[in-house]
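# Close look at the chain arrangement
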Amino acid sequence: MAKYPKVNYIGNKEKLVDWLIEEMPVKEGRVLDIFAGGCSVSYALKVHGYSVISNDILYADYVIAKALIENEDKTLTLSVFEKKTDESRVRELAAKFSFLSERLYYPEEVEELAGLAAVAEKLEGSERYLFLALMRRAMIRKLPYSRMNVPWNQIQKLRDEDYSYEKYKRKRAYHNQSFESHMRENFEEYNRAVFKGKECRAYCLDAFDMAQRIDHVDVVYMDPPYPSTMNNYDSFYGLFDEMFDRKRQHTDYTRKESFLDNMDRLIGRLADKTGYVVLSQNTRVRPNPEEVEAMLSKYGKVEIKRKKYNYQVTGKENKNGSKELLFILKIGK
Ligand SMILES: C[S@@+](CC[C@H](N)C(=O)[O-])C[C@H]1O[C@@H](n2cnc3c(N)ncnc32)[C@H](O)[C@@H]1O
């Protein structure tokens, strides 16, 4: 059976997908995953026979959706690493990516990235996206804390294997492997994750624009970046977007003052285009569930599902055991 590969996405729902699928209010049809992120939910929906529209504002996430959700049959062979690239283009890309030098990676690593990006340019369609999805995962794997907003002096420190061993009893040598070696390690897993399901599509739009774009779906699934959690996805992954000139302004769902209003406007825009809105929330975050329920109730009948979920923070169990919630809004009174 098709298996979701290693994506390393902060705040992903990978451990909850079976429960989410069980709670889906329709058992077939079209689902829009409007804040798709690393696509763990989109992928599970595709596996379970739904036709999925996967959307996220970040290009770093769009490449995953194109590679694993929309893609039906295109895989890569290892000979891709031998593709002839134009030297002057590699130099151009290295200059373009120099903003990453001594910010995320050492200068020679940025050059390696340029070579890989030049290979990507030689590929077309889904193959290119599969390659870019592997590249993204390699970039993240090389970074301490798996995100792009750790200061360079910290990165250097944590990439020092002796220091890391002394302090954390782990060398974390994988931070010092080449990008290509990471891509090769994940190559078959990504290839195997490609399969043909019902028709699926990927978009890279602000959620409001996505809502405007669709005609009709059965369910809109929402996993927005709530205020008061690790939520700054632009800073976690946005430098990937910058490499490919895809950085864009968008509605900000991370602010306490405007979160509910923005959600309210978004659901208002979707109300005549979907039968259901299914919204994920966790009891750790704000606004509180009562406020969310009150806002949703304007649009129809709301049911709340609860799942106990011990959130793992650096391997330690959170004793308070926060709860995962799912609001199921059936549109219409
Ligand atoms: C909590 S994450 C989704 C995680 C996802 N469910 C998974 O399993 O990987 C929220 C996502 O919302 C995206 N996002 C933030 N603002 C957005 C906007 N205005 N329009 C579309 N997507 C947005 C972020 O880039 C981030 O990927």
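See above for the structure.
Residues numbered from 1 in each chain as written. Predicted model: local features only at pLDDT ≥ 70, side-chain atom pairs only at ≥ 80, totals over all residues.

### Structural notes on the nonpolar core
As a rule of thumb, nonpolar side chains are buried together in soluble globular proteins. If you look at the biggest cluster of nonpolar residues, it comprises 93 residues, and the most contacted ones within it are V63, L68, A133, L134, M135, V220 and V277. Per element, the largest residue contribution to this core is ten residues, and it comes from helix 6 (residues 125-141). Once you skip the residues sitting within four places of it in the chain, V277 turns out to touch V220, M222, I267, L270, L329 and I331. (Core = buried A, V, L, I, M, F, W, Y, C linked by C-beta atoms within 7 Å. Buried ≥ 20, exposed ≤ 12 C-beta atoms within 10 Å, placed from the backbone. Helix = DSSP H or I, 4+ residues; strand = E, 2+ residues; numbered from the N terminus. Contact = placed C-beta atoms within 7 Å.)

### Side note on the sheet that holds strand 6 (residues 300-308)
Here we have seven strands laid out as an open sheet, ordered 3-2-1-4-5-9-6, and mixed in their pairing. Each edge of the open sheet is held by one strand with a lone partner, namely strand 3 (201-203) and strand 6. Across the sheet, the mean angle from the axis of one strand to that of its neighbour is 15 degrees, orientation sign disregarded. Sheet topology places strand 5 (residues 274-282) next to strand 9 (residues 323-331); seven bridges connect them, and they run antiparallel. (Pairing = 2+ DSSP bridges. Axes fitted to C-alpha atoms, helices over the stretch in contact; angles between N-to-C directions.)

### Regarding the environment of A118
Along the polypeptide, A118 turns up in helix 5 (residues 107-122). When sequence neighbours within four positions are dropped, the list of residues in contact with A118 reads T85, D86, R89, V90 and L93.

### A short note on the pairing of strand 5
The sheet contact formed by strand 4 (residues 217-222) and strand 5 spans five bridges and is parallel. Residue pairing for strand 5: Y221 is matched across the bridge by V278.

### Section: the packing of helix 5 against helix 6
The contact between helix 5 and helix 6 brings their axes to 8 Å, and the two run at 160 degrees. In terms of orientation, helix 5 lies roughly antiparallel with respect to helix 6. Two packed elements cross with a definite hand, and for helix 5 against helix 6 that hand is left-handed. Of helix 6, the residues touching helix 5 (which contributes L116, V119 and A120) are R128, F131, L132 and M135. Tallied by class, the residues present in the contact of helix 5 with helix 6 amount to six nonpolar, no polar and one charged. (Parallel < 35°, antiparallel > 145°, perpendicular 65-115°, else oblique. Left-handed = near helix turned anticlockwise from the far one by under 90°. Nonpolar A, V, L, I, M, F, W, Y, C, P; charged D, E, K, R; others polar.)

### So, unusual backbone geometry
Across the junction of R286 and P287, the peptide omega takes the value -5 degrees, indicating a cis bond. By the secondary structure assignment, P287 is in the loop between strand 5 and helix 13 (289-297). Positive phi outside glycine occurs at E102, with the angle close to 55 degrees. Note that E102 resides in the loop between helix 4 (87-96) and helix 5. A residue is classified by how many C-beta atoms lie within 10 Å of it, and E102, with 14 of them, is partly exposed.

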